[in-house]
Structure formats: C-alpha cells, structure tokens
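Survey of secondary and tertiary structure
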Amino acid sequence: MTNIIEKHDKPFEYSGIVMHLIMAFQFLKLWYMPSFEDAEKIYAMSVLMAFEFILIHSGVFMAVMPKKISLFILVPIYGLFAWGFSQSMPDNSILIIYGLIILNRMRFAFSDVSNAIKNKAILTSVLGAIAYFILIFVCLFTNSIFGEMGITSTFLEQSEYFKHVKSGGAFIDTPHIALGFGFFYYSTLAIIQALLLKTKRLVNSNKIPHA
C-alpha cells in the first residue's frame, strides 16, 4: 500500500510553495511600504533571515535520518535554536514561523519514504542552501539590489526601530538588506519547488547521493 506521506506528498509540496510566496510577500511589503507600527516586525523578520541559516539544512536531515533521531534529537535541537533566537525578540513570532516551516519538513520523520521522495528533499535543500549563500552575498554587496526603498534612515529614526533591537549584525543594523534578502530568498525557494514539481526525472534518479 502506498505510504500515506508519499500519497499526499504533492499537497505538502504545494503548501510549501504557498508558504514561501506568503513569506516573500511579507518581506516585500515591509521593505517597500513599511509603517511606523512595523518596527518590531521588521526586527523580527531580520532575525528570521539569520535563523534560516540554521533551518536550511533541516529538509535533508529529516529525509535521511532514522525516524527516532528525527523526532527525538533533530526536532528538539532545532527547537532550541528557535528558542534562542526568540529570546532576542519581543514576541514568539520566530517560534510560530519555525513551527509552520518545520512541520512541512518533518513529515519524513513519521514514515519511511521512497528514494525518489528522499532525493527530491535532498535536492530541494541543496538548491535552497546554494540560493541562500549566493543571494546573501548579492544583497550585501549590492545594498539589496533595489536599495533602501521604504526602510530609510529617516524611517528607522522616526519609527524608533533601534529601541526594539536587542542584538546586532548586518541584517539588524541595516534591515533593508535583510528584508530584500528575505524577499529574493523565499521567492527563489518557491520557484525551485515549483520547477522540481515539473521535473520528476531529475529527482527520481538514483544518481543523487544520500546518507
């Protein structure tokens, strides 16, 4: 009988695409047309992009690790990272976002799936990691390609953005770079997943190594 995770894999894939597009829209909205009430949210989304560096590998680990390791070791470890980042924020938004993203990725922890499904998860995560590192350098060295847009120094001062900041770094000190990076990154993830849905022959091959 077809594994239930395999049977409903496409709905999971489509929900992942939708989730990434929603995230991309949120980043674009804050970047292009922020309001003074958005200062805390801008800070939260900037922290999220640093946190994604930790999350980006979870898809591969959830796919290739035994179920017990995924459930009792990996999920708590990722949860601790999420909790650590949440301590620098005014609310639990990072934990909520973490839960939504990891819930989709951790589906492999509940059942054994075919090599084709594992290969797809590995390829998606590898391409996502490549996109992350390419885009982070592009955004850092080009001032997020389109510049500050709505996140000007005047806006940051008038919204009292830095009063909400509890940590530092390039993303926190120049939030327009983090927001631009977030928009391009989540848009790219959505494109990657959409393309992989149309190119099954690439992920059904046993040429993709996995642990």
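Residues numbered from 1 in each chain as written. Predicted model: local features only at pLDDT ≥ 70, side-chain atom pairs only at ≥ 80, totals over all residues. Heavy atoms only, no water.

1. A look at the environment of F85
- Structurally, F85 can be placed in helix α5 (residues 67-86).
- Assessed through its relative accessible area of 23%, F85 is described here as partly exposed.
- On a C-alpha basis, the gap between F85 and A44 in space is 9.6 Å, while along the polypeptide they are 41 residues apart. (Helix = DSSP H or I, 4+ residues; strand = E, 2+ residues; numbered from the N terminus. Buried < 20%, exposed > 50% of the residue type's maximum accessible area, 1.4 Å probe, protein only.)

2. Here we look at the packing of helix α3 (residues 39-55) against α5
- α5 packs onto α3 with a crossing angle of 160 degrees between their chain directions and a minimal axis gap of 11 Å. One finds that α3 runs roughly antiparallel with respect to α5. For the pair α3 and α5, the crossing hand works out as right-handed. Between α3 and α5, the residues in contact are V47, A50, F51 and I54 and Y78, F81, A82 and F85, respectively. (Axes fitted to C-alpha atoms, helices over the stretch in contact; angles between N-to-C directions. Parallel < 35°, antiparallel > 145°, perpendicular 65-115°, else oblique. Left-handed = near helix turned anticlockwise from the far one by under 90°. Contact = heavy atoms within 4.5 Å.)

3. Details of unusual backbone geometry
- Even without being a glycine, S144 presents a positive backbone phi close to 65 degrees.
- Turning to its location among the elements, S144 is positioned in the loop between α7 (115-141) and α8 (153-158).
- When its relative accessible area of 0% is taken as the criterion, S144 is described as buried.
- Of note, the phi angle at I145 is positive, near 65 degrees, even though the residue is not glycine.
- With respect to the helices, strands and loops of the structure, I145 is situated in the loop between α7 and α8.

4. A short note on the packing of aromatic side chains
- Applying the stated criterion across every chain, the model contains 17 aromatic pairs.
- Consider the rings of F27 and Y186, whose centres lie 5.7 Å apart with planes at 15 degrees: the pair is stacked. On the criterion of sequence distance, the pair formed by F27 in helix α2 (residues 9-32) and Y186 in helix α10 (residues 175-198) is long-range, its members being 159 residues apart. When sorted by exposure, F27 lands in the same class as Y186, which is buried.
- Between W31 and F184 the ring centres are 6.0 Å apart and the planes differ by 75 degrees, which places this aromatic pair in the edge-to-face class. Of the two residues, W31 sits in helix α2 while F184 sits in helix α10, which places them 153 residues apart along the sequence.
- Accessibility expressed as a relative area gives 0% for W31, which makes it buried.
- Members of the aromatic cluster, each reached through a chain of ring pairs, are F27, F53, Y132, F133, F171, F181, Y185 and Y186. (Phe/Tyr/Trp six-rings, centres within 6.5 Å; stacked < 30°, edge-to-face > 60°.)

5. Description of a nonpolar patch on the surface
- On the surface, F61, M65, I69, F72, I73, I77 and F81 cluster together to form a nonpolar patch covering roughly 610 Å² of accessible area.
- Broken down by element, the nonpolar patch gets its largest block of residues, five residues, from α5. (Patch = residues over 30% accessible without salt bridge, like charges linked within 9 Å, V, L, I, M, F, W, Y side chains within 5 Å. Areas by Shrake-Rupley, 256 points an atom, 1.4 Å probe, with all protein chains shown as cover. Salt bridge = Lys/Arg side-chain N within 4 Å of Asp/Glu carboxyl O.)

6. Describing the nonpolar core
- The biggest cluster of nonpolar side chains holds 47 residues, and the ones touching the most others in it are F27, L48, Y161, L179, F181, Y185 and Y186.
- Only α2, α3, α5, α6 (93-105), α7, α8, α9 (170-173) and α10 provide two or more residues apiece to this core. (Core = buried A, V, L, I, M, F, W, Y, C linked by side-chain atoms within 4.5 Å.)

7. As for the confidence of the model for the protein chain
- This prediction gives the protein chain a mean pLDDT of 80; 80% of its residues lie at or above 70.
- α8 holds the highest mean pLDDT among the elements of the protein chain, 94, whereas helix α11 (residues 200-203) holds the lowest, 49.
- Every residue in residues 205-211 scores below 50 in pLDDT, and together they form 14 contacts with partners more than four places removed in sequence or on other chains. (pLDDT = per-residue confidence, 0-100.)

8. Observations concerning α5
- Between its first and last C-alpha atoms α5 spans 27 Å; for 20 residues at 1.5 Å apiece the expected length is 28 Å, and the two agree.
- Helix geometry: α5 is bent most strongly at L74, by close to 30 degrees, with proline P76 lying one to four residues after it.
- Residues S70, L74, V75, Y78, A82 and S86 constitute the buried set of α5. (Expected span 1.5 Å × (residues − 1). Bend = angle between axes of the 7 residues up to and from the residue.)

9. Quick notes on the layout of surface pockets
- Of the pockets and cavities examined, the largest pocket occupies roughly 160 Å³.
- Around the largest pocket, the lining residues are M19, I22, M23, Q26, K41, A44, M45, I97, L100 and I101.
- Counting residues per element, the ones that place at least two in the lining of the largest pocket are α2, α3 and α6.
- For the lining of the largest pocket, the class distribution of residues is eight nonpolar, one polar and one charged. (1 Å grid on protein atoms, 1.4 Å probe; cavity = no way out; pocket = protein on both sides within 12 Å on 5 of 7 lines; lining within 4 Å. Points joined across faces, edges and corners; volume = space filled by probe spheres on them. Nonpolar A, V, L, I, M, F, W, Y, C, P; charged D, E, K, R; others polar.)

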